[in-house]
Amino acid sequence: MIFFLLFSAIFLKPRARTLYSACTVPFGIIDYHGVFSMPHVDKTDRNTLIELSHAYGRDPRWVIAGGGNTSCKTERTLTIKASGTSLGTLGESGLVDLNRDRLQLLFEKTYADDEAQREREALDDLMNARADGQADRRPSVETLMHEVLPQKFVVHTHPTLVNGLTCAANGERVARELFGDDLLWVPVVKPGYILGIEIHNRVAAFRSAHDKAPWLILLANHGLVVAGDTADEIHERQKAVIEAIASRIPVEIGTSPLRDTTADLVVQNSSQARRVADWTTVVQRALQSSELKNPVIAFDTDANFQQFGDSSDPLSEALRLPFTPDHLVYALRTPIIARQTASDHLPTMVKRFRSEHGKLPRVVIVPGLGAFGVSASEAVSKAAAALALDALLIHRYAQSAGGPVFMPDEQIRFIEGWEVERFRLKASEEATK
Ligand SMILES: [Zn+2]
């Protein structure tokens, strides 16, 4: 499928750039406003929740790879996106209802000290909080974070621009200047149960200090949480967050060292087009193995990749380690940065990566050309390339707040071994099979 798009884009419709750069995150001036013009709808809360999910889940500036989650609540029930479903296509069958009294148990109970045992016990209690008739659905791993906030709607996303702040050395200080006492900042903690408990304690402390609940949570090396009692309130607050951060982080073309001057290089120059085709074959052969019988390849020609020098380029620092769980789960710890001319080196580089990391790489960047996302499924290949670009942008945005900070090693190792993220990855692979 991707191959077809790639070759038809180059040889049949040379000007239709969007066809083969479908996973490109918008570059340059970012217009966050389109999403806020949704007409006000007077429907049930469930429908509002689904509409909110689509509004943010279909826009890669807010989430990539179907990540993020949303919820709404009544006094007794929390309705949340099921794990393994995608925000952008969320329907009634992707929602799970949970009994809020039973969720409270997770905050009160003392779990095993052993990490794996504790996660299993907490997951069991989370599953047991499901309402009757929901046994086939698995609540989002971030359910506790939603339960803690008193507002009716909660929208959690991973916007590139916001992560420019959450992955920055002075991110917290800048965020406090921008948002004052509306903000709850949460430092990096292990995801899932531990994150839920951490937020529970911090929200309680916030409420007694400020006599109100926070509506804005920034999760270091992770993303954004916005809460509100109506859809309009959510939209206004999301808009306010983006506008405030955009006032501090330059996002316009020309303000960064990465100028968008060569975006159409591939379609304007047939020898470049041939190089893309040649490299596609090289990448496919290097990755094809008993482990990956039919590699599905996504190609992204974004200017940020084209301007990449080689593996000694200072920009490769941006991809040395993952910034957030999304980067780690889909694009793995780091990409392969191929040599521009020597395509015969790629099999050796893949072999070395395989023995160092215990798995095949998911992203191959060819300096001056673009990035290949490679996996067994279209969704994961596209997500991998999109997240490599996301990392380059986060790295650039973070320069405005003291420079970028990667996920700590302890967190990386925890997520690599975490059953919850393997479940999420498997679900997105199966979605495109
Ligand atoms: Zn998240």
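These notes cover the structure that comes with them. Within any chain, residue numbers begin from 1 and follow the written order of that chain's sequence. In keeping with the model being predicted, local features are shown solely for residues with a pLDDT of at least 70 and side-chain atom pairs are shown and tallied solely at 80 or more, while totals for entire chains, interfaces and linings include all residues. To get the side-chain values, all heavy atoms of the structure are used, and hydrogens and water are removed first.

1. Section: the overall build of the chain
Working step 1: Helix and strand labels come from DSSP, where a helix needs a run of H or I of at least four residues and a strand needs a run of E of at least two; each type is numbered from the N terminus. Scanning the chain for helices and strands turns up 18 helices and eleven strands.
Working step 2: For the chain, the proportion of its 433 residues judged to be buried stands at 57%.
Working step 3: Residues count as neighbours in contact if any of their non-hydrogen atoms are within 4.5 Å of one another. Restricting the contact set of the chain to residue pairs at least 6 apart, pairs at least 24 apart contribute 75%.
Working step 4: Note on areas: these come from Shrake-Rupley sampling with a 1.4 Å probe, and a residue is covered only by the protein chains present in the view. When the accessible surface of the chain is summed, it comes to about 18,100 Å², and 50% of that surface belongs to carbon and sulfur atoms. To sort residues, take the accessible area from a 1.4 Å probe on protein chains only and compare it with the maximum for the residue type: under 20% means buried, over 50% means exposed, and anything in between is partly exposed.

2. A few points about the nonpolar core
Side chains of a nonpolar character, in soluble globular proteins, are inclined to be buried together.
Working step 1: In plain words, nonpolar cores are sets of buried Ala, Val, Leu, Ile, Met, Phe, Trp, Tyr and Cys residues tied together by side-chain atoms within 4.5 Å. Counting residues in hydrophobic clusters, the biggest one holds 69 residues, and the most contacted among them are Leu-216, Leu-218 and Val-241.
Working step 2: Boundaries of every domain are those given by an automatic assignment or by a domain database. Inspection of this core shows a minimum of three residues originating in each of domain 1 (2-25 + 254-431) and domain 2 (34-246).
Working step 3: Judged by nonpolar contacts, the second largest core, of 28 residues, contains Met-145, Leu-195, Phe-206 and Ile-217.

3. Quick notes on the sheet that holds strand E7 (residues 223-228)
Working step 1: Strand pairing is defined by DSSP finding a minimum of two bridges between the two strands. Strand order in this open sheet of seven strands is E3-E2-E1-E4-E7-E6-E5, and the pairing throughout is mixed. Because the sheet does not close on itself, it has two edges, and the strands there are strand E3 (95-99) and strand E5 (183-186). Along the sheet, successive strands turn relative to each other by an average axial angle of 15 degrees, direction set aside.
Working step 2: Here strand E6 (residues 216-219) runs beside E7; their pairing, made up of four bridges, is antiparallel. Lines fitted to C-alpha atoms define the axes here, with helix axes fitted over just the stretch in contact, and angles between the N-to-C directions of these axes take values from 0 to 180 degrees.

4. Considering the sheet that holds strand E10 (residues 363-366)
Whether parallel or antiparallel, the strands of a sheet pair through hydrogen bonds between backbone atoms.
Working step 1: Strand order in the open sheet formed by four strands is E8-E11-E10-E9, with mixed pairing between adjacent strands. Either end of the sheet is taken by a strand with one partner, and the two such strands are strand E8 (296-300) and strand E9 (336-337).
Working step 2: Bridge count for E9 against E10 is two bridges, and the pairing is parallel. Among the inter-strand pairings, Ile-336 is bridged to a residue of E10, identified as Val-364.
Working step 3: Against the sheet, helix H12 (residues 270-287) makes contact with E8, E10 and strand E11 (370-375), and its axis sits at roughly 30 degrees relative to E11, the strand it touches most.

5. Concerning the coordination of the zinc ion
Around a metal, the ideal angle is 109.5 degrees if four donors adopt a tetrahedral arrangement and 90 or 180 degrees if six donors adopt an octahedral arrangement.
Working step 1: Note that water is not among the atoms used; donors are N, O and S atoms within 2.8 Å of the metal (3.2 Å for Na, K and Ca), so sites may look incomplete. At the metal site, the zinc ion is ligated by Glu-142 (OE), His-156 (NE2), His-158 (NE2) and His-222 (NE2), and these contacts range over 2.1 to 2.8 Å.
Working step 2: A four-donor site is classed as tetrahedral when every donor-metal-donor angle falls between 85 and 135 degrees; four donors are called square planar, and six octahedral, when trans pairs exceed 155 degrees and all remaining angles lie between 65 and 115, with any other arrangement labelled irregular. Metal-centred angles of 76 to 166 degrees between the four donor atoms at the zinc ion mark the site as irregular.
Working step 3: Donor residues for the zinc ion, ordered by position in the chain, follow E-x13-H-x1-H-x63-H. With Glu-142 in the loop between helix H5 (115-128) and helix H6 (143-148) and His-158 in the loop between strand E4 (153-157) and helix H7 (160-166), this pair connects stretches of sequence that are 16 residues apart.

6. A short note on the packing of helix H4 (residues 100-108) against H5
Working step 1: It is the contact of H4 with H5, at a shortest axis distance of 8 Å, that shows an interaxial angle of 165 degrees. On the basis of the axis angle, H4 is roughly antiparallel to H5. The way H4 lies across H5 gives a crossing that is right-handed. Contacts from Arg-102, Leu-103, Leu-105 and Leu-106 of H4 reach H5 at Ala-122, Asp-125, Leu-126 and Asn-128.
Working step 2: Gly is placed with the polar residues, together with every amino acid not listed as nonpolar (Ala, Val, Leu, Ile, Met, Phe, Trp, Tyr, Cys and Pro) or charged (Asp, Glu, Lys and Arg). Taken together, the residues of the contact of H4 with H5 sort by class into five nonpolar, one polar and two charged. Should an angle lie under 35 degrees it is considered roughly parallel, over 145 roughly antiparallel, and from 65 to 115 roughly perpendicular; all remaining angles are considered oblique. Less than a right angle of anticlockwise turn of the near helix away from the far helix marks a crossing as left-handed, whereas a clockwise turn marks it as right-handed.

7. Considering the packing of aromatic side chains
Working step 1: Stacked, edge-to-face and tilted are the three classes for Phe, Tyr and Trp ring pairs, Trp counted by its six-membered ring, which pair at centre distances within 6.5 Å; planes under 30 degrees apart are stacked, over 60 edge-to-face, the rest tilted. According to the stated counting rule, one finds four aromatic pairs in the structure shown.
Working step 2: Plain terms: the ring middles of Phe-299 and Phe-372 are 4.8 Å apart, the flat faces sit at 45 degrees to each other, and that makes the pair tilted. Taken together, the residues Phe-299 in strand E8 and Phe-372 in strand E11 connect sequence positions 73 residues apart. Just as Phe-299 is buried, Phe-372 falls in that class too.

8. A few points about helix H17 (residues 409-416)
Working step 1: Of the positions making up H17, those classed as buried are Gln-411, Ile-412, Phe-414 and Ile-415. The arc that holds the buried residues of H17, viewed along the axis, is 165 degrees, so those residues lie on one side. Opposite the packed face of H17, turned more than 90 degrees from it, sit the exposed residues Glu-410 and Arg-413. As used here, the arc belongs to the directions running from the helix axis to the C-beta atoms.

9. Digging into H12
Working step 1: Between the first and last residue of a helix there are one fewer steps than residues, each counted as 1.5 Å, and that sum is the expected span. Relative to the 26 Å expected for 18 residues at 1.5 Å per residue, H12 spans 26 Å between its end C-alpha atoms, a close match to the ideal helical length.
Working step 2: Those residues of H12 lying buried are Gln-272, Ala-273, Val-276, Ala-277, Trp-279, Thr-280, Val-283, Ala-286 and Leu-287.

10. A word on the pairing of E11
Working step 1: The element E11 is extensively covered by neighbouring structure, given that six of its six residues are classed as buried.
Working step 2: Burial of E11 is two-sided: the residues Gly-370, Phe-372 and Val-374 facing one way and the residues Ala-371, Gly-373 and Ser-375 facing the other way are all buried.
Working step 3: As judged from the four bridges shared by E10 and E11, these two strands associate in the antiparallel manner. Pairing of Val-364 across the sheet is with Phe-372, part of E11.

11. Observations regarding the pairing of strand E2 (residues 77-81)
Working step 1: Burial runs high along E2: four of the five residues are buried.
Working step 2: As defined by bridge partners, strand E1 (residues 69-73) adjoins E2 across three bridges and the pair is classed as antiparallel. Opposite Cys-72, over in E2, you have Thr-79 as the bridge partner.
Working step 3: In this antiparallel pair of consecutive strands, E1 and E2, the connection spans three residues.
Working step 4: Looking at chain direction, E2 and E3 are connected through five bridges and run antiparallel. When the bridges of E3 are listed, Thr-77 appears paired with Asn-99.

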